[in-house]
Amino acid sequence: MKRFAFALLSVCLLLSPALAQSTPIQVGEASLQSGDAVVFLGDSITHQRLYTQYIEDFFITRFPSVPLKFHNAGIGGDKAWDSLQRLDRDVLSKNPKLVTILLGMNDGRYQAFDHEIFKTYETDMTELLDRLQAAGTTVSPITPTMFDAVAARANLKQRPREESALRQYNAVLAYFGTWLRDEADRRGMRSIDMFGPLNHLTRVARQDDPQFTFIKDAVHPGTDGQLIMAHAWLENLGMQSAVSNITLVPTKNGYRARATGGEVTELAGADGSIEFTFLAESLPWVTPDDTQVAAKMLKLDHKFSREGFQVHGLAPGKYTLSIDGAPVGDFTHTQLAAHIELQRFPSTPQSVQAAKVVAMNKARNESTIGELRKHWYTARNLARDRRSLAQAGDEATRTALEKKVAAGEQKMEGFEEKLAALEQKADEELAAIYAAAKPVPHRYVLQPVQ
């Protein structure tokens, strides 16, 4: 019996990295396992497929052995009412374990505060939250993002707006977001604040450049702004963590390794050199080149992708670190004793692999996911026309709307078949991306600089 217990323990120890990766991912109040679906519900800011893409990149590279299903459910121009009309097919049909909701920018109607407009938003958002809760999914509402009045004034010729809206609309969105977070608290939901970080970091940047903006058209954040949004999503839902840490310490018989986030094997040393193999459980979170302004402001690599490497007891001098034969850099013995962070070197094999994964996911979002979201416009517009027809008063208006509804219904022929095909294609592409994110062993060599 003792021999059996020892053998079982040995097997568990050998499988420990795999076991660690197969454990559920705790995302806010949701416990996500392989195959679970995460849905991003929203308007055009979600339809941009940027903050959602960066969040997908994080999960694919950080938890490659726990593949999730991601579904972008954003449509440009949507209000909370529109989301209700497509909720069953576009959201609940995915049986999601987690739904995040970014709405409100269009619900305020780009004007000074109006109580009736707010009541409509409140009513529709309340129903949306009710229906999602009734479906048993975990819900995390997101505050509406920032309206940049400085950028809007700089673009008045391209997009004229009322002065009252320029003065008040960001405050309107703050009001909507404050109500939403209070409502989330009342329901026991974990909410996400994107409004605060965008406003704060914009003001920080304007200390040097008064015209700085993350949102050139005042409404839709660019790549840097969307990375700030992704950071807020991950941080508010408790996803901040390191990738790995390797510490080498001297012993009487050479060096001993302590590692988190992976396993060190084949450790050897001679003539001042040290080498070993490291198999990590995940890859660093690499963000695109056009997000580096925000990444630097957020200290993103250190907070979310730290790959620590530390060596104690080295003889004074400089040492060259290479991984799989590719030089990473030269470091002094004091730098190595303090630790270096490998995620800061984009040439490491693990960063190169992560960058390829990010490129694959970008291509998926720009092609298949973009086509899928565009496909939904037909159904959304038909729902709006049917509502207008139901509310129409005079005969002429009713006749015109009846023609629009009939044309919309004709366009809907074959809608479901094409939608299902696009969804299947998106799932297949995502599976290929997860396969490309599987970490592989790398050989580390540290040797004195001659």
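This text follows the structure it describes.
My aim in this report is to walk through the structure given alongside it, one point at a time.

Scoring rules and cut-offs
- Residues numbered from 1 in each chain as written.
- Predicted model: local features only at pLDDT ≥ 70, side-chain atom pairs only at ≥ 80, totals over all residues.
- Heavy atoms only, no water.
- Phe/Tyr/Trp six-rings, centres within 6.5 Å; stacked < 30°, edge-to-face > 60°.
- Helix = DSSP H or I, 4+ residues; strand = E, 2+ residues; numbered from the N terminus.
- Buried < 20%, exposed > 50% of the residue type's maximum accessible area, 1.4 Å probe, protein only.
- Core = buried A, V, L, I, M, F, W, Y, C linked by side-chain atoms within 4.5 Å.
- Contact = heavy atoms within 4.5 Å.
- Axes fitted to C-alpha atoms, helices over the stretch in contact; angles between N-to-C directions.
- Parallel < 35°, antiparallel > 145°, perpendicular 65-115°, else oblique.
- Nonpolar A, V, L, I, M, F, W, Y, C, P; charged D, E, K, R; others polar.
- 1 Å grid on protein atoms, 1.4 Å probe; cavity = no way out; pocket = protein on both sides within 12 Å on 5 of 7 lines; lining within 4 Å.
- Points joined across faces, edges and corners; volume = space filled by probe spheres on them.
- Salt bridge = Lys/Arg side-chain N within 4 Å of Asp/Glu carboxyl O.

1. Regarding the packing of aromatic side chains
Following the criterion strictly, the structure yields 28 aromatic pairs and no others. Judged by centre distance (6.3 Å) and plane angle (40 degrees), the ring pair of phenylalanine 113 and phenylalanine 118 falls under tilted. Consider the rings of phenylalanine 276 and phenylalanine 309, whose centres lie 6.1 Å apart with planes at 35 degrees: the pair is tilted. On the criterion of sequence distance, the pair formed by phenylalanine 276 in strand S10 (residues 273–280) and phenylalanine 309 in strand S11 (residues 307–311) is long-range, its members being 33 residues apart. Residue classification places phenylalanine 309 among the buried residues on the basis of a relative accessible area of 0%.

2. Brief notes about the nonpolar core
As a rule of thumb, nonpolar side chains are buried together in soluble globular proteins. One finds Tyr51, Phe59, Ile101 and Trp233 to be the most contacted residues of the largest nonpolar core, which totals 86 residues. Ranked by residues supplied to this core, first place goes to helix H9 (residues 163–187) with 8 residues. Residues in contact with tyrosine 51, not counting those within four places in the same chain, are Phe40, Ile45, Thr46, Leu102, Ile142, Met194, Gln226, Met229, Ala230 and Trp233.

3. A closer look at unusual backbone geometry
Positive phi, normally seen in glycine, also occurs at asparagine 95, with a value near 50 degrees. In this model, histidine 339 sits at a positive phi of 120 degrees, which is unusual for a non-glycine residue. Relative to the helices and strands, histidine 339 resides in the loop between helix H14 (333–338) and strand S14 (340–341).

4. Some remarks on the packing of helix H15 (residues 349–375) against helix H18 (residues 415–436)
Contact pair H15 / H18: the axes reach a minimum separation of 10 Å and the direction vectors enclose 175 degrees. Classed by the angle they form, the pair H15 and H18 counts as roughly antiparallel. On H18, the residues touching Gln353, Val357, Met360, Asn361, Arg364, Thr368, Ile369, Glu371, Leu372 and His375 of H15 are Phe415, Lys418, Leu419, Leu422, Glu423, Lys425, Ala426, Glu429, Leu430, Ala432, Ile433 and Ala436. When the residues that make up the contact of H15 with H18 are grouped by side-chain class, the tally is 12 nonpolar, 4 polar and 6 charged.

5. What to know about the layout of surface pockets
Estimates place the volume of the largest pocket at around 360 Å³. Surrounding the largest pocket, 17 residues form its lining, Trp285, Val286, Thr287, Gln292 and Gln343 being those nearest its centre. Where the lining of the largest pocket is concerned, the elements lending two or more residues are helix H12 (292–298), helix H13 (300–304) and H15. Of all the elements, H15 adds the most residues to the lining of the largest pocket, at 3 residues. Partitioning the lining of the largest pocket into residue classes produces 9 nonpolar, 5 polar and 3 charged.

6. Here's the deal with the pattern of salt bridges
This structure, assessed with the given rule, holds 30 salt bridges. The salt bridge involving lysine 303 is made with glutamate 235; its shortest N-O contact spans 3.5 Å. One end of the pair, lysine 303, is in helix H13; the other, glutamate 235, is in helix H11 (residues 223–236), with 68 residues separating them in the sequence. Owing to a relative accessible area of 22%, lysine 303 belongs among the partly exposed residues under this scheme. Judged by relative accessible area, which is 34%, glutamate 235 ranks as partly exposed. A salt bridge links glutamate 409 to arginine 386; the nearest nitrogen and oxygen atoms lie 3.0 Å apart.

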